[in-house]
Amino acid sequence: MIHNPNREERDSRNVLIKTFGCQMNKLDSELVFGSLIKEGYTLVTDEESADIILFNTCSVRQKAEDKVYSHLGKLRKYKEERPGMVIGVMGCMAQNEGEKILKRMPHVNLICGTRMFSRLPELLDEVNGSKRHILAIDDDATVDFDRSVAQRPNRFHAFVSIMRGCDNYCSYCIVPYVRGREFSRPREDIVNEVKGLADDGCKEVTLLGQNVNSYGKGLGGNGHFSKLLRQLDRIVGIERIRFVTSHPKDMSQDILEAVGELPTVCENLHMPAQSGSDRVLERMRRRYTSTHYRGLIEMAKTLVPDITIAGDFIVGFSGETDEDFLDTENLMRDVRYQNCFIFKYSPRTGTDAEKFVDDVEEETKKRRNHRLLELQEEISTEENSKRIGKSLEVLVEGTSKTDNQKLTGRTRQNHIVVFDFPESGYPVFPRTNGQAGDPSLYIGKLVNVTIEDATDVTLYGSMDSG
Ligand code: SF4
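Source: prediction; values computed, not measured.

## Observations regarding the site of the ligand
Next, step 1: For the ligand, the full set of nearby residues is C166, N168, Y169, C170, Y172, C173, V175, P176, Q210, H247 and R286.
Next, step 2: Class assignment for the residues of the shell around the ligand results in seven nonpolar, three polar and one charged.

## Quick look at the packing of helix α12 (residues 290–303) against helix α13 (residues 322–335)
Next, step 1: For the pair α12 and α13, the least separation of the axes is 11 Å and the interaxial angle reads 10°. By the angle between their directions, the pair α12 and α13 is classed as roughly parallel. In this structure, α12 uses Y293, R294, I297 and K301 to contact α13, whose residues at the interface are N330, L331, D334 and V335.
Next, step 2: Tallied by class, the residues present in the contact of α12 with α13 amount to four nonpolar, one polar and three charged.

## Side note on the sheet that holds strand β6 (residues 134–136)
Next, step 1: On the basis of which strands lie adjacent, the open sheet formed by six strands has the order β2-β1-β3-β4-β5-β6 and parallel pairing. The two strands at the open ends of the sheet, each matched to only one other strand, are β2 (41–43) and β6. On average, adjacent strands in this sheet sit at an angle of 20° to one another, irrespective of strand direction.
Next, step 2: Bridge count between strand β1 (residues 13–19) and strand β3 (residues 52–57): five bridges; the pairing is parallel. Considered in β3, the bridge of V15 is made with I52.
Next, step 3: Contacts between helix α1 (residues 23–38) and the sheet are confined to β1, β2, β3 and β4 (86–91), with β1 contributing the most and set at about 175° to the helix.
Next, step 4: Strand contacts of helix α2 (residues 62–74): β1, β3 and β4, with the helix running at about 170° to β3, the strand carrying the most contacts.

## With respect to the pairing of strand β15 (residues 391–399)
Next, step 1: Relative to strand β18 (residues 446–454), β15 runs antiparallel, the two sharing five bridges. Counterpart to L392 in the pairing with β18 is V449.
Next, step 2: Summarising the sheet, β15 and strand β16 (residues 407–411) pair through five bridges and their orientation is antiparallel. Looking at β16, one finds that V394 is bridged to T411.

The rules we used
- Numbering of residues begins from 1 in every chain and follows the order in which that chain's sequence is written.
- Given that the model is predicted, a residue must reach a pLDDT of at least 70 before its local features are reported, and side-chain atom pairs must reach 80 or more before they are shown or counted; all residues, however, enter totals for whole chains, interfaces and linings.
- Just so you know, side-chain values use all the structure's heavy atoms and leave hydrogens and water out.
- One heavy atom within 4 Å of a molecule or strand is enough for the residue carrying it to be called near that molecule or strand.
- Each residue gets one label: Ala, Val, Leu, Ile, Met, Phe, Trp, Tyr, Cys and Pro are nonpolar, Asp, Glu, Lys and Arg are charged, and the others, such as Gly, are polar.
- Here an axis means a line fitted to C-alpha atoms, over the contact stretch when the element is a helix, while the angle between two N-to-C directions is reported on a 0 to 180 degree scale.
- Think of it this way: any DSSP run of H or I at least four residues long counts as a helix, any run of E at least two long counts as a strand, and we number them from the N terminus.
- Throughout this description, any angle smaller than 35 degrees is read as roughly parallel, any larger than 145 degrees as roughly antiparallel, any in the 65 to 115 degree range as roughly perpendicular, and the remainder as oblique.
- In what follows, a contact means two residues having at least one pair of non-hydrogen atoms within 4.5 Å.
- Two strands pair if DSSP finds at least two bridges between them.

Here you go:
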């Protein structure tokens, strides 16, 4: 432990953590929150009352890094007014950019890489004690977190990391360089963590990994991910299990059978195709063909009735022709995704694809991006409209952001639902502890909602009253 002479005299230290990027980053922020609170820090939500501002960052796209640089730039004036303030950058961008951040933004005090999060409390002590810049990036350190202190925003939901890193080295992707080699957590650790979450009132867990289907690769034997799902399904109190992200090259029948058979595993699959063209997939080094991908989707739809599929596509990858793009459009049309994340390709420094010529014009990228978004909107609207008139199980997450007299939640298939709730008499739980019509009574509960309307992103309805 690094000795910090100021530590004992320290008053309450207010920390603000701003999280960018994926769900793994959200989980890391929750774990960091927890470890800081344990050390006597207080979490705040605004810059004015923060003594420490930490950015948990993403490096997947240049745009994400630019956004963080722009936020950091804006903090320069705060730092001038309050020189004692600490500004830190953690996560993928810290790992990727390292010292460059300190050179460009000298008012930043701390850089904490993706494998150094668990040391954050002592790094902050070190910054406070010495007032110097600290660069903590270690490629070989193992990620080690104490889940018991995590501060999850919802009691009823938790992210659970089952693996970290990635060994796939898709040619365009920076993740293996910033997150490191793939490492699976022992199954018993994950099961114990989920049991603890269930005891703490958690109903839904989302298992996280860059490529969950290859979970257990280094543990010997096969079928580790489906075995993990089967074991987690038996934990009393856990009502829903989700997992992201699935890689088509590692998806297998035993996993899809588990999704189809296990009552807690939700009927939703996030399995990015990235392109519908075999030529592009090969240049992306994705290690599957569009025929293989289509076969998996067919298997998923057969083994898991009512499954919804989410996807990711990159448009304008180096060498992508109109014909390649047409293959992507056709794949999207045939799979009928529930929703897709669509990105225009931009090369990332240090990846293999950086050596390819970025030869698709920006205008063409924009046009293809727009076309896919338009097509996806059309498909989502049609698919969501098929839910009208049906009663669907929804896990209530809170009140709607646009109307606090309505509730919002998700179906098992991951549709967002906004709905009215009855003023009184819902039979699932007594209303004696709250006022009639108090929406907070429903948060974290499973209810049934009859769908009355649908857009491409949201279903609307009313809670069934009995
Ligand atoms: S599977 Fe490919 S795209 Fe996904 S994180 Fe690994 S290298 Fe990146």
